[in-house]
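Single-letter residue listing:
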Amino acid sequence: AVPHTPLRMSSGLGGLNKSPHGVVVGLCQLQLPVIETKDQLDAQVDRVCALVGKARRGSTSMDLVVFPEYMLHGLSMDVCDEIMCERDGPIVARLRAACVQHKIWGCFSIMERNPAAPESPFNSGLIFDADGNEVLYYRKLHPWVPVEPWAPGDLGVPVVDGPNGCKLALIICHDGMFPEMARECAYKGAEIMLRTAGYTAPIRDSWVFTNQANAFQNLMCTASVCMSGSDGTFDSMGEGMFCNFDGGIITRGGGRPDEIITCELRPDLVREARLGWGVENNIYQLGHRAYVAVQGGARDCPYTFMHDLVAGKYRLPWEGQVKHTDGRSCGFPAPVREYAPSAAASNGHGDAKK
């Protein structure tokens with residue numbers, strides 16, 4: 001018998017040779033900005049809209065262009081109301097219009113006002129289709145504590161119909177360090193998971209292996225991109241990368257600011273693998289343990305942390321010894337309010353429980 005060779009899917013020469021079932025994605029390694037005023041915010045929106053046009057001109061086959069977390073905000077962690085955005089406000093309207101103008105899907109990042117707690121905005125992601133329709137709205141579930149001041153997301157992890165019939169999800173930066181996040185995306189049907197980030201160089205290695213692991217463990221393509229370049233204080237790393245559903249890297253960028261890394265992804269092959277794989281079909285086997293020995297596999301939940309998390313009793317053996325449990329080490333005052341879902345979480349958005 002001929003030994004099986006693991007699949008390493010072609011990028012279709014960055015989407016130049018698009019197949020009928022392919023989805024061509026562009027990851028924009030956006031230059032890290034300094035944003036301190038409303039005028040600077042407006043100018044940055046113009047830059048992003050111009051790069052949407054660059055994406056379309058550079059690739060007539062591109063279905064979706066993806067911009068990193070902090071694309072309008074930079075890495076200052078400034079919560080000044082002047083540079084905050086609203087989901088239905090004028091800043092977002094300009095991003096939506098750029099998608100319509102250039103006939104392309106776009107994935108964008110905003111720091112969103114939080115009326116219930118103005119000192120803790122939401123870190124939100126939006127995807128618009130080529131007609132300007134909002135198809136995905138997500139609030140980051142896992143801010144990068146203790147560095148980030150953002151409110152915890154409360155809308156769950158949406159999975160939507162993306163370009164060319166794919167199932168699409170978005171997570172943001174630190175979210176991707178939690179395997180539960182990618183598993184949630186895949187469990188709800190995502191075939192392509194986007195991950196946008198502002199990560200800097202010290203996270204490079206963990207960025208790479210978590211992108212690969214998130215793909216392999218869930219038979220799911222991942223497309224991930226960071227901000228790039230320096231703002232005079234921080235150095236973001238770019239590192240746009242596409243991983244195939246077997247965990248292999250298909251295409252990987254470097255650190256050149258404003259470069260758009262392109263790749264054709266094949267959601268049809270993801271579907272084929274999820275149905276046809278035996279060994280390492282981990283997303284299925286998690287809920288069907290040892291199906292060779294028992295009919296249908298064991299379908300219990302043997303994981304203590306899952307039970308405790310659901311019951312609100314999550315506690316580590318070393319819980320009382322953890323040194324950083326608020327943001328004071330990074331200059332933020334200790335919070336006084338407790339978590340409560342916002343009004344939007346009860347309006348049927350995302351996957352928040354009503």
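The structure under discussion appears in the preceding block.
*Asks:* I tried to follow the overall build of the protein on my own but got confused; where do I start?
*Replies:* Along the protein, the regular secondary structure elements total eight helices and 14 strands. For 354 residues, the compact-globule estimate of 2.2 N^0.38 gives 20 Å, and the C-alpha radius of gyration of the protein, at 20 Å, lies within 12% of that figure. Projecting the C-alpha coordinates of the protein onto the three principal axes gives extents of approximately 65 × 55 × 40 Å. Taken over 354 residues, the protein has a buried fraction of 51%. Looking at the protein alone, contacts between residues at least 24 apart form 69% of all its contacts between residues at least 6 apart. Counting only carbon and sulfur atoms, one obtains 56% of the accessible surface of the protein, whose full area is about 16700 Å². One way to put it: in the protein the 33 positive side-chain charges average out to a point 4 Å from where the 40 negative ones average out.

*Asks:* Looking at this structure, how should I read the sheet that holds strand E8 (residues 192–197)?
*Replies:* With mixed pairing, the six strands of this open sheet are ordered in space as E6-E7-E8-E9-E12-E13. Each of the sheet's edge strands pairs with one partner strand only, and the pair in question is strand E6 (159–161) and strand E13 (249–252). The average undirected angle you get between the axes of adjacent strands in this sheet is 20 degrees. Pairing geometry for strand E12 (residues 241–243) and E13, over three bridges, is antiparallel. Residue pairing across strands places Phe242 opposite Thr251, the latter belonging to E13. On the sheet, helix H5 (residues 204–216) packs against E8, strand E9 (221–226), E12 and E13 and is oriented at approximately 160 degrees with respect to E9.

*Asks:* Hey, could you run me through the side chain of Asp63 in this one?
*Replies:* Mapped onto the elements of the fold, Asp63 is located in the loop between helix H2 (38–58) and strand E2 (64–66). A polar side-chain atom of Asp63 sits 2.8 Å from a polar atom in the side chain of Lys18. Leave out the neighbours within four places in its chain, and Asp63 touches Lys18, Gly22, Val23, Val24, Ile104, Trp105 and Pro163.

*Asks:* Looking at this structure, I do not really get the environment of Glu112. What am I missing?
*Replies:* Within the secondary structure, Glu112 is located in strand E3 (residues 105–112). The exposure class assigned to Glu112 is buried, which follows from its relative accessible area of 6%. In this structure the C-alpha to C-alpha distance between Glu112 and Thr262, which are 150 residues apart in sequence, comes to 28 Å. Setting aside residues up to four positions removed in sequence, Glu112 forms contacts with Cys85, Arg87, Pro121, Phe122, Ser124, Tyr137 and Arg139. A polar atom in the side chain of Glu112 sits 3.4 Å from the side chain of Arg139.

*Asks:* I keep staring at the sheet that holds E2 and nothing clicks. Help me out?
*Replies:* Within a sheet, neighbouring strands are paired by backbone hydrogen bonds and run either parallel or antiparallel to one another. One open sheet holds the six strands; their spatial order is E5-E4-E3-E2-E1-E14, and the pairing between them is mixed. Edge strands, defined here as strands with exactly one partner in the open sheet, are strand E5 (134–139) and strand E14 (259–265). On average, adjacent strands in this sheet sit at an angle of 20 degrees to one another, irrespective of strand direction. The strands that H2 touches are strand E1 (23–29), E2, E3 and E14; relative to E14, the one it contacts most, it runs at about 50 degrees.

Rules used throughout
Residues numbered from 1 in each chain as written. Predicted model: local features only at pLDDT ≥ 70, side-chain atom pairs only at ≥ 80, totals over all residues. Heavy atoms only, no water. Helix = DSSP H or I, 4+ residues; strand = E, 2+ residues; numbered from the N terminus. Rg over C-alpha atoms; globule rule 2.2 N^0.38 Å. Buried < 20%, exposed > 50% of the residue type's maximum accessible area, 1.4 Å probe, protein only. Contact = heavy atoms within 4.5 Å. Areas by Shrake-Rupley, 256 points an atom, 1.4 Å probe, with all protein chains shown as cover. Lys, Arg positive; Asp, Glu negative; His and termini not counted. Charge placed at Lys NZ, Arg CZ, Asp CG, Glu CD. Pairing = 2+ DSSP bridges. Axes fitted to C-alpha atoms, helices over the stretch in contact; angles between N-to-C directions. Polar contact = N/O pair within 3.5 Å; in protein donor to acceptor, adjacent residues only side chain to side chain.

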